[in-house]
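Below, each chain spelled out in residue letters.
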2 protein chains.
Amino acid sequence: MANLPSFESLVDSFAKLPGIGRKSAERMASAVLEMDEVDAKAFSEAIQNAKNNIHPCPNCGLFTENDLCFACSDPNRNHKLCIVVAKAKDADSFERIGTLNCVYHVLGGLLSPSKGIDPENLTIDALMKRIDEEGIEEVVLALNPTIEGETTALFLGHLLNENKPNVKTTRLGYGLPMGASLDYADALTLSKALEGRKSL
Amino acid sequence: MANLPSFESLVDSFAKLPGIGRKSAERMASAVLEMDEVDAKAFSEAIQNAKNNIHPCPNCGLFTENDLCFACSDPNRNHKLCIVVAKAKDADSFERIGTLNCVYHVLGGLLSPSKGIDPENLTIDALMKRIDEEGIEEVVLALNPTIEGETTALFLGHLLNENKPNVKTTRLGYGLPMGASLDYADALTLSKALEGRKSL
């Protein structure tokens, strides 16, 4: 599509999505040209609507179209159990379990001195305030088992144990994923699985 | 993102792109939520602009923002050599060669009785008219080496030889791709490469 500025702008936009290279972006932009008018209009409007209608819940940071998110606004949920996640979409994984019925708190990232993400950049103050105001009794730190996730969990665990001694602070268990094969398990996962072994 | 209609609509739109499953569409829609306002607006507008500004060249079917495409409107191109492609974007591959300087003709698909694509659904009449009006001397059938591509090439070759005996009709050469390894070449490609062998 030599010399088509409208096409190039569309490719540029697609290429800004995560994991989408130039080639994939071009294929998607071509697909848009071949879409019928109605679908293309719906696509364009869906982007605007999503940006206009969806905003973070002022209480916990999950995405919502209302004043409060589905968890914070639901009085039937267990507001004493709070799962702390780095990004809003991590909460989706827990919601899929279906039986948790807890509330969430979105940190907005993970501590990373190299990327300039310090405790002030995360919603830690808001979490502390929620613990007092909402009477949270257990905080589960559900952060990815990476260096940044572990650092953040250690930092938060220390902070919570120090300042909120009555709150139980836990992290997710590590070990073999269900359905995994020992053949393919890496050494670090296996050592974590051994550490976390349970009597039968 | 349970219960967010604006998010679901956006996921639906992304999932209409080729090769994008539900999971990838959700990841892309999440990325749009995390884009800044300016980028999201640009994305939405790029879709509308691409649809509004880009249309097929009335002469050959390549995409263009002007009355005629870059090839048809360029008097310095060799209008006697016409490469026939199934889809407009196939022409891009030939333009990358850089030295061809020919014109194109977009068939709009390949013959496929099972999908109900008959000769009337392709731009064959327009091609015949162009051969007369523009004085095309050679037609290169650049169609994918698939069953549908071969069928279409045979059909067109027959039609052209019959009706335009003064026009040279050719198809692309088949054989080993450059840089390929014999180890990995499939038997069909190898047999085509043998058929197309040249004396040194």
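Structure: see above.
Now for a look at the structure at hand. (Residues numbered from 1 in each chain as written. Chains lettered and ligands numbered in written order. Predicted model: local features only at pLDDT ≥ 70, side-chain atom pairs only at ≥ 80, totals over all residues. Heavy atoms only, no water.)

Considering only enclosed or pocket space, the largest pocket measures out at about 550 Å³ in volume. Taken together, the elements giving at least two residues each to the lining of the largest pocket come down to α4 (90-95) and α7 (187-195) of chain A. Looking at the lining of the largest pocket, its residues break down into nine nonpolar, five polar and three charged. For the second largest pocket, the lining is made up of 16 residues, of which B:Leu143, B:Asn144, B:Pro145, B:Leu172 and B:Tyr174 are closest to its centre. Where the lining of the second largest pocket is concerned, the elements lending two or more residues are α4 (90-95) and α7 (187-195) of chain B. (1 Å grid on protein atoms, 1.4 Å probe; cavity = no way out; pocket = protein on both sides within 12 Å on 5 of 7 lines; lining within 4 Å. Points joined across faces, edges and corners; volume = space filled by probe spheres on them. Helix = DSSP H or I, 4+ residues; strand = E, 2+ residues; numbered from the N terminus. Nonpolar A, V, L, I, M, F, W, Y, C, P; charged D, E, K, R; others polar.)

Residues and elements named next belong to chain B. Ile 124, Leu 127, Met 128, Arg 130 and Ile 131 are the residues of helix α5 (residues 124-134) that are buried. Mapping the buried residues of α5 onto a view down its axis gives an arc of 160°, with all of them on the same face. Those residues of α5 that are exposed and aimed more than 90 degrees away from the buried face are Asp 125, Lys 129, Asp 132 and Glu 133. Those residues of α5 hidden inside the fold are in contact with β3 (78-85), β4 (102-106), β5 (138-141) and α6 (147-163). Just past α5, the residue Gly 135 takes up positive phi, approximately 65°. (Buried < 20%, exposed > 50% of the residue type's maximum accessible area, 1.4 Å probe, protein only. Arc of directions from axis to C-beta. Contact = heavy atoms within 4.5 Å.)

Under the defined criterion, the tally for this structure stands at five aromatic pairs over all chains. Between A:Phe14 and B:Phe43, the aromatic rings sit 5.1 Å apart at their centres with planes inclined by 80°, giving edge-to-face as the arrangement. In this pair, A:Phe14 sits in helix α1 (residues 5-15) while B:Phe43 sits in helix α3 (residues 37-53), so the two residues belong to two different chains. You'll find A:Phe14 and B:Phe43 in the same group, each marked buried. One aromatic cluster is present, built from ring pairs that chain together A:Phe14, A:Phe43, B:Phe14 and B:Phe43. The positively charged end of B:Arg171 is found above the aromatic ring belonging to B:Tyr174, 4.2 Å away from the centroid. (Phe/Tyr/Trp six-rings, centres within 6.5 Å; stacked < 30°, edge-to-face > 60°. Lys NZ or Arg CZ within 6 Å of the ring centre and 35° of its normal.)

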